[in-house]
Amino acid sequence: SAASDVYKRQVDHKDKAHDATALHHASQEGQLDCVRLLLGSGATVDGSDGVTSLMLACKGGRLECARTLIKSGAAVEVVSAKGNTPLTSACGKGHAACVRLLLASRAKPDAVTHGVQDGEEVERRPLSTACSNGQVECVRLILNENICQETMEDALEAAEAFEEPECAALVR
């Protein structure tokens, strides 16, 4: 009906200042009740612009919001314009519980993504992101997965470049 179409547009409305929906904001801030309410009201779980509510929840370490979004069908392998995924977002900030959840939800620990940040093309891998940010627990979690030699070499290079000796020792 026309009324439900209007309502759907309202629940997915993006604010102009942040280009984000209410679900984006609630997920990022860990407002689980709001996340549930918005999803129950028909909010779109994955946006079309690449930055998703799941990515924001994982970046902020909002485990229960991330779990709720995944149960509602959020894509765990979506890639933003900057080449980030929910897994790289969690790895970069050291949110090990979110990393565990994503790996259990079949996020690919060996995924290589590409994007543009600050006008430069970038390549991202979850293990390298964790290493370059000194996120030892996340490095350990990723290393428990079946990952290729190229990923290991890239991670070692990142750990050494960002002077993270503990991470470098783990991937050697």
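Bear in mind that the values here come from a model prediction, so they are computed numbers and not experimental data.

### Quick notes on the side chain of T21
Argument step 1. Along the chain, the position of T21 falls in the loop between α1 (2–11) and α2 (22–29).
Argument step 2. Contact partners of T21, with chain neighbours within four places excluded, come to D12, H13 and K14.

### Observations regarding the nonpolar core
Argument step 1. Counting residues in hydrophobic clusters, the biggest one holds 43 residues, and the most contacted among them are L54, L69, V99, L102 and L127.
Argument step 2. For this core, the element with the most residues is helix α7 (residues 96–104), which contributes six residues.
Argument step 3. If near-sequence neighbours (up to four positions away) are discounted, L102 is found in contact with L54, C58, I70, V76, P86, L87, A90 and A107.

### Considerations on unusual backbone geometry
Argument step 1. With a phi close to 75 degrees, R106 is a non-glycine residue in the positive phi region.
Argument step 2. Within the element layout of this structure, R106 appears in the loop between α7 and β1 (113–117).
Argument step 3. Non-glycine residue D118 carries a positive phi angle of around 55 degrees.
Argument step 4. The class for D118 is exposed, based on a relative accessible area of 74%.

### As for the pattern of salt bridges
Side chains that differ in sign of charge can pair as their charged atoms come close.
Argument step 1. Under the definition given, this model contains six salt bridges.
Argument step 2. The shortest N-O distance in the salt bridge between E123 and R125 comes to 3.5 Å.
Argument step 3. The class for R125 is buried, based on a relative accessible area of 3%.
Argument step 4. Where E160 meets R172, a salt bridge forms, and the shortest distance between an N and an O atom there is 2.9 Å. Here E160, found in helix α10 (residues 149–161), pairs with R172, found in the segment after α11 (165–171); they are twelve residues apart in sequence, far enough to count as distant.
Argument step 5. When salt bridges that share partners are traced, they join E123, R125, E150 and D154 into one network.

### Re α10
The periodicity of an α-helix, 3.6 residues per turn, causes residues three or four places apart in sequence to face the same way.
Argument step 1. End to end, α10 covers 18 Å across 13 residues, agreeing with the expected 18 Å (1.5 Å per residue, within 8%).
Argument step 2. Taken as a whole, α10 has its buried residues at T151, M152, A155, A158 and A159. The buried residues of α10 occupy an angular sector of 125 degrees when the element is viewed end-on, so they sit on one face. Along α10, exposed side chains directed more than 90 degrees from the buried face belong to Q149, E150, E157 and A161.
Argument step 3. Backbone geometry just downstream of α10 places E163 in the positive-phi region, at approximately 50 degrees.

### Remarks on the environment of C131
Argument step 1. Within the element layout of this structure, C131 appears in helix α8 (residues 126–132).
Argument step 2. Taking C-alpha positions, C131 is 38 Å from G40, a pair spaced 91 residues apart along the chain.
Argument step 3. Here C131 is in contact with V139, A155, A159, E164, C167 and V171, once residues within four sequence places are set aside.

### Quick notes on the side chain of T85
Argument step 1. With respect to the helices and strands, T85 occurs in the loop between α5 (63–71) and α6 (86–93).
Argument step 2. On the basis of relative accessible area, T85 is assigned to the buried category, the value being 5%.
Argument step 3. Beyond its immediate stretch of four places on either side in the chain, T85 contacts M55, V78, V79 and T113.

### Remarks on the environment of L69
Argument step 1. By the secondary structure assignment, L69 is in helix α5.
Argument step 2. Residue L69 is classed as buried on the basis of its relative accessible area of 0%.
Argument step 3. Through-space distance from the C-alpha of L69 to that of T52 is 10.0 Å; in sequence the pair is 17 residues apart.
Argument step 4. In contact with L69, not counting residues within four places along its chain, are L23, S27, V35, L39, V45, S53, L54, A57 and A74.

Definitions and cut-offs
- Residues numbered from 1 in each chain as written.
- Predicted model: local features only at pLDDT ≥ 70, side-chain atom pairs only at ≥ 80, totals over all residues.
- Heavy atoms only, no water.
- Helix = DSSP H or I, 4+ residues; strand = E, 2+ residues; numbered from the N terminus.
- Contact = heavy atoms within 4.5 Å.
- Core = buried A, V, L, I, M, F, W, Y, C linked by side-chain atoms within 4.5 Å.
- Buried < 20%, exposed > 50% of the residue type's maximum accessible area, 1.4 Å probe, protein only.
- Salt bridge = Lys/Arg side-chain N within 4 Å of Asp/Glu carboxyl O.
- Expected span 1.5 Å × (residues − 1).
- Arc of directions from axis to C-beta.

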